[in-house]
Amino acid sequence: YRKRWANHWPRVGQSYSGVKLGQWCDNQRQNFRKRRLDKYQIRTLENIGFPWTPYQNRWEDHFQLLKTYRDQYPNKWPIATELFKDKGIGGWCVRQRYDFSCKKLTSDKQKRLHSLGFVMEPREIKWQTYFSLLVEYRKLYPKQWPAQKEKLRKKALGSWCSKQRSANQSGRLK
(Lines give C-alpha, C1' and ligand atoms only; values in the text may rest on other atoms or scores of the structure.)
Protein backbone atom coordinates (compact mmCIF):
# COMPACT_ATOMS: atom_id res chain seq x y z
CA TYR A 1 0.00 0.00 0.00
CA ARG A 2 2.71 2.49 1.00
CA LYS A 3 4.74 1.74 -2.14
CA ARG A 4 1.73 2.59 -4.27
CA TRP A 5 0.47 5.59 -2.22
CA ALA A 6 3.51 7.02 -0.46
CA ASN A 7 1.69 10.16 0.74
CA HIS A 8 -1.45 8.50 2.10
CA TRP A 9 -2.37 6.16 4.92
CA PRO A 10 -5.43 3.91 4.74
CA ARG A 11 -8.52 5.17 6.52
CA VAL A 12 -10.92 3.06 8.56
CA GLY A 13 -13.15 1.18 6.15
CA GLN A 14 -10.53 1.16 3.40
CA SER A 15 -9.38 -2.20 2.07
CA TYR A 16 -6.33 -3.15 0.06
CA SER A 17 -5.81 -6.51 -1.66
CA GLY A 18 -8.83 -7.90 0.17
CA VAL A 19 -7.50 -6.88 3.61
CA LYS A 20 -9.29 -4.29 5.77
CA LEU A 21 -6.08 -2.34 6.08
CA GLY A 22 -7.65 0.85 7.42
CA GLN A 23 -9.23 -1.05 10.29
CA TRP A 24 -5.96 -2.87 10.97
CA CYS A 25 -4.13 0.48 11.23
CA ASP A 26 -6.79 1.81 13.58
CA ASN A 27 -6.42 -1.34 15.72
CA GLN A 28 -2.65 -0.74 15.94
CA ARG A 29 -3.29 2.78 17.21
CA GLN A 30 -5.72 1.50 19.81
CA ASN A 31 -3.29 -1.23 20.89
CA PHE A 32 -0.52 1.37 21.12
CA ARG A 33 -2.64 3.61 23.38
CA LYS A 34 -3.54 0.60 25.55
CA ARG A 35 0.16 -0.43 25.66
CA ARG A 36 -0.55 -3.74 23.94
CA LEU A 37 2.21 -3.48 21.30
CA ASP A 38 5.70 -4.69 22.07
CA LYS A 39 8.82 -2.62 21.33
CA TYR A 40 9.52 -4.48 18.09
CA GLN A 41 6.01 -3.75 16.73
CA ILE A 42 6.25 -0.08 17.72
CA ARG A 43 9.71 0.31 16.18
CA THR A 44 8.65 -1.48 12.99
CA LEU A 45 5.64 0.78 12.54
CA GLU A 46 7.64 3.91 13.36
CA ASN A 47 10.31 2.92 10.83
CA ILE A 48 7.75 3.31 8.05
CA GLY A 49 6.49 6.61 9.48
CA PHE A 50 3.25 5.21 10.88
CA PRO A 51 1.05 8.07 12.14
CA TRP A 52 -0.08 7.35 15.69
CA THR A 53 -2.39 10.39 15.60
CA PRO A 54 -3.55 10.59 11.97
CA TYR A 55 -6.06 13.38 12.55
CA GLN A 56 -3.35 15.63 13.96
CA ASN A 57 -1.17 14.79 10.96
CA ARG A 58 -4.07 15.55 8.64
CA TRP A 59 -4.64 18.89 10.39
CA GLU A 60 -0.97 19.76 9.99
CA ASP A 61 -1.01 18.73 6.32
CA HIS A 62 -4.02 20.96 5.65
CA PHE A 63 -2.51 23.83 7.62
CA GLN A 64 0.65 23.65 5.50
CA LEU A 65 -1.52 23.48 2.40
CA LEU A 66 -3.39 26.61 3.52
CA LYS A 67 -0.05 28.39 4.00
CA THR A 68 0.91 27.45 0.44
CA TYR A 69 -2.50 28.60 -0.80
CA ARG A 70 -2.10 31.97 0.95
CA ASP A 71 1.40 32.39 -0.50
CA GLN A 72 -0.04 31.81 -3.96
CA TYR A 73 -3.25 33.82 -3.40
CA PRO A 74 -2.51 36.42 -0.68
CA ASN A 75 -5.74 38.38 -1.26
CA LYS A 76 -8.09 35.43 -1.29
CA TRP A 77 -9.46 32.72 1.00
CA PRO A 78 -10.71 29.37 -0.29
CA ILE A 79 -14.46 28.99 -0.72
CA ALA A 80 -16.21 26.02 0.90
CA THR A 81 -16.07 23.74 -2.14
CA GLU A 82 -12.59 24.73 -3.32
CA LEU A 83 -9.91 22.16 -4.04
CA PHE A 84 -6.24 23.05 -3.97
CA LYS A 85 -3.64 20.50 -5.02
CA ASP A 86 -6.40 17.86 -5.06
CA LYS A 87 -7.33 18.49 -1.40
CA GLY A 88 -10.55 19.97 -0.04
CA ILE A 89 -8.97 23.07 1.46
CA GLY A 90 -12.24 25.02 1.43
CA GLY A 91 -14.09 22.36 3.40
CA TRP A 92 -11.21 22.14 5.84
CA CYS A 93 -11.43 25.90 6.47
CA VAL A 94 -15.18 25.60 7.04
CA ARG A 95 -14.49 22.84 9.57
CA GLN A 96 -11.99 25.03 11.47
CA ARG A 97 -14.59 27.78 11.78
CA TYR A 98 -17.19 25.26 12.93
CA ASP A 99 -14.82 23.80 15.52
CA PHE A 100 -14.04 27.35 16.69
CA SER A 101 -17.74 28.18 17.08
CA CYS A 102 -18.24 24.98 19.11
CA LYS A 103 -15.16 25.76 21.21
CA LYS A 104 -13.44 22.61 19.92
CA LEU A 105 -10.47 24.34 18.26
CA THR A 106 -7.44 24.40 20.57
CA SER A 107 -5.82 27.73 21.35
CA ASP A 108 -2.62 26.53 19.66
CA LYS A 109 -4.50 25.83 16.42
CA GLN A 110 -6.29 29.18 16.70
CA LYS A 111 -2.95 30.99 17.07
CA ARG A 112 -1.47 29.16 14.11
CA LEU A 113 -4.46 29.95 11.92
CA HIS A 114 -4.44 33.55 13.13
CA SER A 115 -0.77 33.81 12.07
CA LEU A 116 -2.01 33.37 8.48
CA GLY A 117 -4.70 36.02 8.94
CA PHE A 118 -7.40 33.35 9.12
CA VAL A 119 -10.80 34.81 9.98
CA MET A 120 -12.89 32.70 12.33
CA GLU A 121 -16.14 34.63 11.93
CA PRO A 122 -17.53 34.05 8.42
CA ARG A 123 -19.13 37.51 8.27
CA GLU A 124 -15.69 39.06 8.62
CA ILE A 125 -14.37 37.30 5.53
CA LYS A 126 -16.20 39.59 3.11
CA TRP A 127 -15.11 42.64 5.07
CA GLN A 128 -11.49 41.44 5.15
CA THR A 129 -11.61 40.71 1.41
CA TYR A 130 -12.83 44.19 0.57
CA PHE A 131 -10.43 45.79 3.03
CA SER A 132 -7.52 43.98 1.34
CA LEU A 133 -8.78 45.28 -1.99
CA LEU A 134 -8.93 48.79 -0.56
CA VAL A 135 -5.32 48.50 0.63
CA GLU A 136 -4.33 47.32 -2.84
CA TYR A 137 -6.28 50.18 -4.43
CA ARG A 138 -4.57 52.75 -2.19
CA LYS A 139 -1.17 51.39 -3.18
CA LEU A 140 -2.11 51.80 -6.84
CA TYR A 141 -3.73 55.22 -6.34
CA PRO A 142 -2.33 56.75 -3.12
CA LYS A 143 -3.93 60.17 -3.67
CA GLN A 144 -7.53 59.03 -4.22
CA TRP A 145 -10.33 56.92 -2.83
CA PRO A 146 -12.54 54.70 -4.99
CA ALA A 147 -15.55 56.40 -6.56
CA GLN A 148 -19.05 55.00 -5.85
CA LYS A 149 -19.18 52.80 -8.99
CA GLU A 150 -15.49 51.90 -9.11
CA LYS A 151 -14.46 48.25 -9.23
CA LEU A 152 -11.24 46.45 -8.53
CA ARG A 153 -10.81 42.80 -9.53
CA LYS A 154 -14.49 42.74 -10.54
CA LYS A 155 -15.56 43.68 -7.00
CA ALA A 156 -17.68 46.77 -6.29
CA LEU A 157 -15.07 48.42 -4.10
CA GLY A 158 -16.54 51.94 -4.36
CA SER A 159 -19.95 50.74 -3.24
CA TRP A 160 -18.39 48.84 -0.31
CA CYS A 161 -16.49 51.98 0.79
CA SER A 162 -19.70 53.98 0.62
CA LYS A 163 -21.45 51.43 2.84
CA GLN A 164 -18.56 51.59 5.32
CA ARG A 165 -18.80 55.39 5.52
CA SER A 166 -22.57 55.16 6.01
CA ALA A 167 -22.21 52.51 8.71
CA ASN A 168 -19.58 54.59 10.47
CA GLN A 169 -21.75 57.73 10.44
CA SER A 170 -24.71 55.81 11.91
CA GLY A 171 -22.53 54.11 14.55
CA ARG A 172 -22.97 50.62 13.06
CA LEU A 173 -19.32 50.14 12.12
CA LYS A 174 -17.55 48.19 14.84
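Residues numbered from 1 in each chain as written. Predicted model: local features only at pLDDT ≥ 70, side-chain atom pairs only at ≥ 80, totals over all residues. Heavy atoms only, no water.

Caption draft 1: Here's a closer look at the packing of aromatic side chains. Taken as a whole and judged by the stated rule, the model has 16 aromatic pairs. Residues Y1 and W5 carry aromatic rings whose centres are separated by 4.9 Å and whose planes lie at 50° to one another, so their mutual orientation is tilted. On the basis of relative accessible area, Y1 is assigned to the buried category, the value being 15%. When the centroid spacing of 4.9 Å and the interplanar angle of 70° are considered together, the rings of F50 and W52 count as edge-to-face. Residue class for F50 comes out buried when judged on its relative accessible area of 5%. Taking relative accessible area as the criterion, W52 reaches 15% and is therefore assigned buried. Among the aromatic residues, those joined into a cluster by ring pairs are W9, F32, F50 and W52. The ring of W9 carries the charged tip of R2 above its face, separated from the ring centre by 3.8 Å. (Phe/Tyr/Trp six-rings, centres within 6.5 Å; stacked < 30°, edge-to-face > 60°. Buried < 20%, exposed > 50% of the residue type's maximum accessible area, 1.4 Å probe, protein only. Lys NZ or Arg CZ within 6 Å of the ring centre and 35° of its normal.)

Caption draft 2: The arrangement of the side chain of E136 in detail. Mapped onto the elements, E136 comes out in helix 6 (residues 122-140). If we ignore the near neighbours within four places in the chain, the residues touching E136 are N75, L152 and R153. (Helix = DSSP H or I, 4+ residues; strand = E, 2+ residues; numbered from the N terminus. Contact = heavy atoms within 4.5 Å.)

Caption draft 3: Examining unusual backbone geometry more closely. If you check the backbone angles, D86 has positive phi at about 65° while not being a glycine. Mapped onto the elements of the fold, D86 is located in the loop between helix 3 (54-72) and helix 4 (89-101). Phi is positive for K154, which is not a glycine, with a value near 65°. Relative to the assigned elements, K154 resides in the loop between helix 6 and helix 7 (157-169). K154 gets classed as exposed once you look at its relative accessible area, which sits at 80%.

Caption draft 4: A look at the packing of helix 6 against helix 7. Two elements in contact, helix 6 and helix 7, have axes whose closest approach is 10 Å; the angle formed by their N-to-C orientations is 110°. In terms of orientation, helix 6 and helix 7 fall into the roughly perpendicular class. Crossing geometry of helix 6 relative to helix 7 is assigned as left-handed. In contact with W127, Y130, F131, L133, L134 and Y137 of helix 6, helix 7 contributes L157, W160, C161 and Q164. (Axes fitted to C-alpha atoms, helices over the stretch in contact; angles between N-to-C directions. Parallel < 35°, antiparallel > 145°, perpendicular 65-115°, else oblique. Left-handed = near helix turned anticlockwise from the far one by under 90°.)

Caption draft 5: Layout of the nonpolar core. Of all hydrophobic cores here, the largest spans 15 residues; its most connected members are W59, F63, L66, I89, W92, L113 and F118. Put simply, the parts of the chain that give this core at least two residues each are helix 3 and helix 4. Look past the residues within four positions of F118 in its chain and what remains in contact with it is L66, W77, C93, Q96, R97 and L113. Listed in part, the 8 residues of the second largest apolar core include L134, L152, L157 and C161. (Core = buried A, V, L, I, M, F, W, Y, C linked by side-chain atoms within 4.5 Å.)

Caption draft 6: Up close: the side chain of H62. Position of H62 among the secondary structure elements: in helix 3. For H62, a relative accessible area of 12% translates into the label buried. When residues no more than four places from it in sequence are discounted, the contact partners of H62 are K87, G88, I89 and W92.

Caption draft 7: Quick look at the pattern of salt bridges. A full pass over the atoms with the stated rule returns 4 salt bridges. Between R112 and E60 there is a salt bridge, and its shortest N-O distance comes to 2.6 Å. In this pair, R112 is assigned in helix 5 (residues 107-115) and E60 in helix 3, connecting sequence segments 52 residues apart. Judged by relative accessible area, R112 falls into the partly exposed class, the value being 23%. According to the relative accessible area criterion, E60 is partly exposed, its value standing at 24%. In this structure, R95 and D99 form a salt bridge, with 2.9 Å as the shortest nitrogen-oxygen distance. One end of the pair, R95, and the other, D99, are both in helix 4, 4 residues apart, so they sit about a helical turn from each other. Its relative accessible area of 45% is what places R95 among the partly exposed residues. The class for D99 is buried, based on a relative accessible area of 13%. (Salt bridge = Lys/Arg side-chain N within 4 Å of Asp/Glu carboxyl O.)

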